[in-house]
Every structure is written in C-alpha cells, then in structure tokens.
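Chain by chain, the residues run as shown.
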Amino acid sequence: MSRMEEHPTVINYYMSRGGNYRAENVLSPSGKLDTTWLRDVCIEAGADDAGFVAIDRPSLSGDKDDILGYFPRTKSLVSFVCRMNREPIRSPARSVSNLEFHHIGDKVNEVARRIVSALEERGIRAVNPSMGFPMEMGNFPEKIWVVSHKTVAVAAGLGHMGIHRNVIHPKFGNFILLGTVLVDAELESYDNPIDYNPCLECKLCVAACPVGAIAPDGYFNFSACYTHNYREFMSGFTSWVEGIADSRDARDYLRKFSDSESASMWQSLSYGANYKAAYCMAVCPAGEDVIGPFLENRREYLDDVVKPLQKKEETVYVVPNSDAEAHAAKRFPHKTVKAVSNGLRPKSISGFLDGLKLTFQRDKSEGMDATYHFTFTGKESVQATVVIRNGTIEIRKELTGVPNLHITAESSAWLGFIRKEHGIIMPLLLKKIRLKGSIALLKAFGRCFPS
Ligand code: SF4
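Residues numbered from 1 in each chain as written. Predicted model: local features only at pLDDT ≥ 70, side-chain atom pairs only at ≥ 80, totals over all residues. Heavy atoms only, no water.

A. Highlighting the overall build of the chain. Assigned secondary structure in the chain consists of 19 helices and 13 strands. Oriented by its inertia axes, the alpha-carbon framework of the chain measures out at about 75 × 65 × 50 Å. Residues counted as buried form 47% of the 451 residues belonging to the chain. Excluding contacts between residues fewer than 6 apart, the proportion of contacts in the chain whose partners are at least 24 apart in sequence is 70%. Taking the 55 positively charged and 53 negatively charged side chains of the chain as two groups, their mean positions are separated by 6 Å. (Helix = DSSP H or I, 4+ residues; strand = E, 2+ residues; numbered from the N terminus. Buried < 20%, exposed > 50% of the residue type's maximum accessible area, 1.4 Å probe, protein only. Contact = heavy atoms within 4.5 Å. Lys, Arg positive; Asp, Glu negative; His and termini not counted. Charge placed at Lys NZ, Arg CZ, Asp CG, Glu CD.)

In structure tokens, the structure reads:
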C-alpha cells in the first residue's frame, strides 16, 4: 500500500496550499472578516438586507449552546431577509399566498447556500440552517430548529417583532422571510437592534386572525395559531393520521373528513405544507414601503385587504373547549369551526412544563387563583410550581409558596395521562399519581390546557 503523502490528493493539496490562504484578502490584519465584503456577498447572493451578530451577544444566550452544538465553530451569525410580494400574500386564495411563501422560502435557502459557498471559497467555514423545514424532527415536539431566525434578525438590526410575533423590517414590513448563516470567523463590526419597533399597534392582525390568536393587549395564544394555521404541518398531520387509524372503514373516515380536507392534505404532502391563514402578515401595514395605502385611505385599506379575509368562508381548526373555539364561533359565524386535537404531546416532564405557557387558555382560567406544586419522581426527578392567577400563568422549576394542590407523580404515569394514553383513575388507585388537595383543582387545571 502506498504511503499517504504519495497519494495524488495529498500531493495536490500541498501543491495548491496557497489556496487555503485565500481568506487573507477579506481578513483584516487582526484576522477579522471584512463586513463590507460580507454584506456585498449577501446582496449579490440575493438578500434584500443583512446584518451581523456575534455569538456572544447576550440576547442570543438562550440559543447559544444549541447553535454551538450544531456548529461548534460559530463565532458570528449573518442574518438576512428576502422580500415577498405583498399582494399574493394578501390574497384570500391560499394557494396564491402559499406559492409566494414557498417560492421565497426556497430563495432564502438558496441565498444562504450561496453565502456559505462564497465563504468556503475563501477558506472560511460556514453553515446554512434551513429557512423553515426541514427541521430536527427527532426533537419534536420540543426544539426542532437549529437557530432562532427571529431572535438573530432582531439582534442584527433587521427589525422587531410586532404584536403578531413576526419580525417587521423597518422598510419592507413583515413581508419578508428570514435566513441565518453560522460563520467560523469574527467580523470587523457587528450590528445592533433598531431603536424603535415598526409595529404600529393598529391591531389589524387582531381583527384578521380567525382564531383570536392575538389579543388586543398583545397576548399571544400559541395553541390557537398552531392548531389552525399549521393544520397540515407536524401535529395536524399526526392528528389526521390518527383519524384514519381510528376509522372503522371509508364511510367512517368520510364522516370525520371532507373530500376537500383529504385533497388539501394531499396537496400539502405533494407541494409543500400550506399555511391555512397567516392573515396577520397579510393585513399588517407596517414598514415604509408598505404603509402608504393604509395612511392614505384607511377605509379603503380595510375594504381591500382586511375584509376579504374576514369574510372568507372556510374551515377553521380549533381545539375543543379552547378560547379559539369560542372566538371563532362568536366573531366569524360564517366560517365552519372544526374541533381537532392540537396534537401536542410532551415526551418529557421538562417538555410538559415548558409547553404549559404555549397551550394555556387564559379565558378558560377566568376566576382562578391557584398554586399547584408538582413533584415528579422516577425517570425525571423534577419539582415545579405553577401559579394561575388573573388570567396569567407563572412556572417555576422549584417549590415555592403554599399550594392549593400538590401533585406527586411518577413522571411516566403523568406523561401517559397528559398524552391521553390512559386516564387518571388507575394511576391514582396504584398511587403512581397522588393528590394533596381537591381533585376539582386538577379539573380546573385541565380546563386551562385543552389539547
Ligand atoms: S397589523 Fe398592526 S398591530 Fe399587528 S403587527 Fe402589524 S402593525 Fe403591529
């Protein structure tokens, strides 16, 4: 066998080694990457705006370990946006709006890939996480994204989140999709968040959302948005599959699902998952390029942009006994309200605790003032306090205050109960779940988290 240094690849590598120092012309004497060059790379790659953040920025601290877990060499993050055309996003025809979402989503992924290629040509290592999907589904239903594009975009000065939780760019409004590139180089300079929020607090997103996911005071009902807008994504798809599995025959299936729903699911599987609404984005008038028609004639703007979405006759997906179900029935009686599971089933106690805020239905908690202590044993040994009071929920990963109900549970028994794999009677009889306090308080707790 020949010696490795005689291998053609190794010989060619050493002969062309100068090529490995091509980064020199874009690195300062201190070894930092030229940000003017990098910004040009982003724009030439197709981005409409870009900003840069160091991995040590405090606002990224919640994601830093995860990012480094995926790409340990990350020193800087490039955030960029690609503009979407506004009128297709506003169209009541969801096929039209989803075409724009998919097209620009693909463009963002291509831009990110081109940026990585340009860096790699200079010998600088970089990674481009996907704009949306595919994600790390092995972690589902917990954190499936490699990087939080919104957090990075805000840190990089590309906008702020409006009350609808989308990033609003100061010029392009919320008609953007976001991309991020992780870079193994320090940059000459970094950007900072812009010093105002482009959100006008006009509440048009509140008026347009068919499931009341955004409240006038800015409160966001994640479960409402996830259940309807993402019906043909992860959990909605799972819920549909379970509906098939639970059907006795084709007739039974057809009692549960219309032909339109089956065809729509096929379409999402064939052409990319479709958003059911995203009306909050469609109606948002924020941004210098966007605001004109809203300022010039608000009535006309409402008639042109908001009312067609409000008037649209469509199926709206809600969790039974949720705030969204009550909202949709009251505000949009001409829409068909269909009760479905949100499909969110925690696979760990930490996932259960982290998910409580996302599935909390504050209207269902009206009048409650209760402190719950949880002591989990077994595979996950965790203690936590949950306080539900004045329409708010607070979660602490320790026991504090005086509980109205103390729940001690084997973690697997509790997860089986929460995941609806079994009821609560048997674990109570077997003392795998024990209550100290009124069982009525457990029922009240359950009403706040319909699934
Ligand atoms: S629609 Fe109005 S309130 Fe909602 S995010 Fe846009 S600017 Fe803010």
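There is more to say after this.
B. Main features of the state of the cysteines. A full pass over the atoms with the stated rule returns zero disulfides. The cysteine cysteine 82 is free of any disulfide, with cysteine 42 supplying the nearest cysteine sulfur at 10 Å. What makes cysteine 82 buried here is its relative accessible area of 0%. Free of any disulfide, cysteine 209 has its nearest cysteine sulfur in cysteine 225, 6.7 Å distant. (Disulfide = S-S within 2.5 Å.)

C. Quick peek at the sheet that holds strand S11 (residues 392–396). What the five strands build is an open sheet, ordered S11-S10-S9-S12-S13; its pairing is mixed. A single partner strand is all that each edge strand has here, and the edge strands are S11 and strand S13 (433–437). The average angle at which neighbouring strand axes cross in this sheet is 15 degrees, direction not considered. Pairing geometry for strand S12 (residues 405–410) and S13, over five bridges, is antiparallel. (Pairing = 2+ DSSP bridges. Axes fitted to C-alpha atoms, helices over the stretch in contact; angles between N-to-C directions.)

D. Up close: the sheet that holds strand S6 (residues 176–183). Pairing within the open sheet is antiparallel, and its four strands lie in the order S1-S2-S6-S3. The sheet is open, and its two edges are formed by strand S1 (49–54) and strand S3 (126–127), each paired on a single side. With eight bridges connecting them, strand S2 (residues 76–83) and S6 associate as antiparallel partners. In the sheet register, valine 78 faces S6, and the bridge partner there is valine 181.

E. Up close: the side chain of serine 264. The topology assignment puts serine 264 in helix H11 (residues 259–271). Setting aside residues no more than four positions away along its own chain, serine 264 makes contact with Glu232 and Lys276.

F. View of a nonpolar patch on the surface. A surface patch of nonpolar side chains, about 460 Å² in accessible area, is lined by Ile425, Met426, Leu429 and Leu430. Structurally, leucine 429 can be placed in helix H18 (residues 425–429). With a relative accessible area of 63%, leucine 429 lands in the exposed category. (Patch = residues over 30% accessible without salt bridge, like charges linked within 9 Å, V, L, I, M, F, W, Y side chains within 5 Å. Areas by Shrake-Rupley, 256 points an atom, 1.4 Å probe, with all protein chains shown as cover. Salt bridge = Lys/Arg side-chain N within 4 Å of Asp/Glu carboxyl O.)

G. Examining the site of the ligand more closely. Near the ligand, the surroundings consist of Ile163, His164, Ile168, Cys199, Leu200, Glu201, Cys202, Lys203, Cys205, Cys284, Pro285 and Ala286. Residues of the shell around the ligand, tallied by class, amount to nine nonpolar, one polar and two charged. (Near = heavy atom within 4 Å. Nonpolar A, V, L, I, M, F, W, Y, C, P; charged D, E, K, R; others polar.)

H. Seen up close, the environment of valine 96. You can see valine 96 is positioned in helix H5 (residues 94–121). Separated by 29 residues in sequence, valine 96 and arginine 125 have C-alpha atoms that sit 38 Å apart. Excluding anything up to four places from it in sequence, valine 96 contacts Pro88 and Ser91.

I. Highlighting the pattern of salt bridges. The final tally for this structure, using the stated rule, is 25 salt bridges. Measuring nitrogen to oxygen at the nearest pair gives 2.7 Å for the salt bridge that ties lysine 64 to aspartate 56. For lysine 64, a relative accessible area of 25% gives the class partly exposed. In this structure aspartate 56 comes out as exposed when scored by relative accessible area, which is 55%. For the salt bridge of arginine 255 with aspartate 252, the shortest nitrogen-to-oxygen distance reads 3.7 Å.

J. Layout of helix H17 (residues 411–418). Along H17, the positions that sit buried rather than exposed are Ser411, Ala413, Trp414, Leu415 and Gly416. Buried residues in H17 make contact with helix H16 (349–359), strand S9 (369–377), S12, S13 and helix H19 (439–447). Downstream of H17 by one or two residues, lysine 420 has phi in the positive range, about 65 degrees.

K. Spotlight on the nonpolar core. The biggest cluster of nonpolar side chains holds 56 residues, and the ones touching the most others in it are Leu33, Leu38, Phe80, Ile115, Leu119, Val181 and Val183. Where this core is concerned, the elements lending two or more residues are helix H2 (35–45), S1, S2, H5, S6, helix H7 (204–208), helix H12 (279–283) and helix H14 (298–311). If one sorts the elements of this core by residue count, H5 sits on top with nine residues. In this structure valine 181 touches Ser76, Leu77, Val78, Phe80, Ala112, Ile115, Val116, Leu119, Ala126 and Val127, once residues within four positions along its chain are discounted. (Core = buried A, V, L, I, M, F, W, Y, C linked by side-chain atoms within 4.5 Å.)

L. Region of the structure containing the pairing of S11. Sheet analysis places strand S10 (residues 382–389) next to S11, joined by five bridges and oriented antiparallel. Each residue of the ladder has a partner; that of arginine 389, found in S11, is threonine 392. Where S10 folds back on S11, the antiparallel hairpin that results is connected by two residues, among which asparagine 390 adopts a positive phi of roughly 50 degrees.

M. Layout of the packing of H2 against H5. Taken N-terminus to C-terminus, the directions of H2 and H5 make an angle of 140 degrees; their axes are 9 Å apart at the nearest point. Between H2 and H5, the interaxial angle falls into the category oblique. The hand of the H2/H5 crossing is right-handed. Note on element contacts: H5 touches H2 through Val111, Arg114, Ile115, Ala118 and Leu119, opposite Trp37, Leu38, Val41, Cys42 and Ala45. (Parallel < 35°, antiparallel > 145°, perpendicular 65-115°, else oblique. Left-handed = near helix turned anticlockwise from the far one by under 90°.)

N. Representation of the environment of isoleucine 144 in the model. Tracing the sequence through the fold places isoleucine 144 in the loop between S3 and helix H6 (149–155). C-alpha of isoleucine 144 to C-alpha of phenylalanine 133: the two residues are 11 residues apart in sequence and 9.6 Å apart in space. If we ignore the near neighbours within four places in the chain, the residues touching isoleucine 144 are Met135, Glu136, Met137, Asn139 and Met234.

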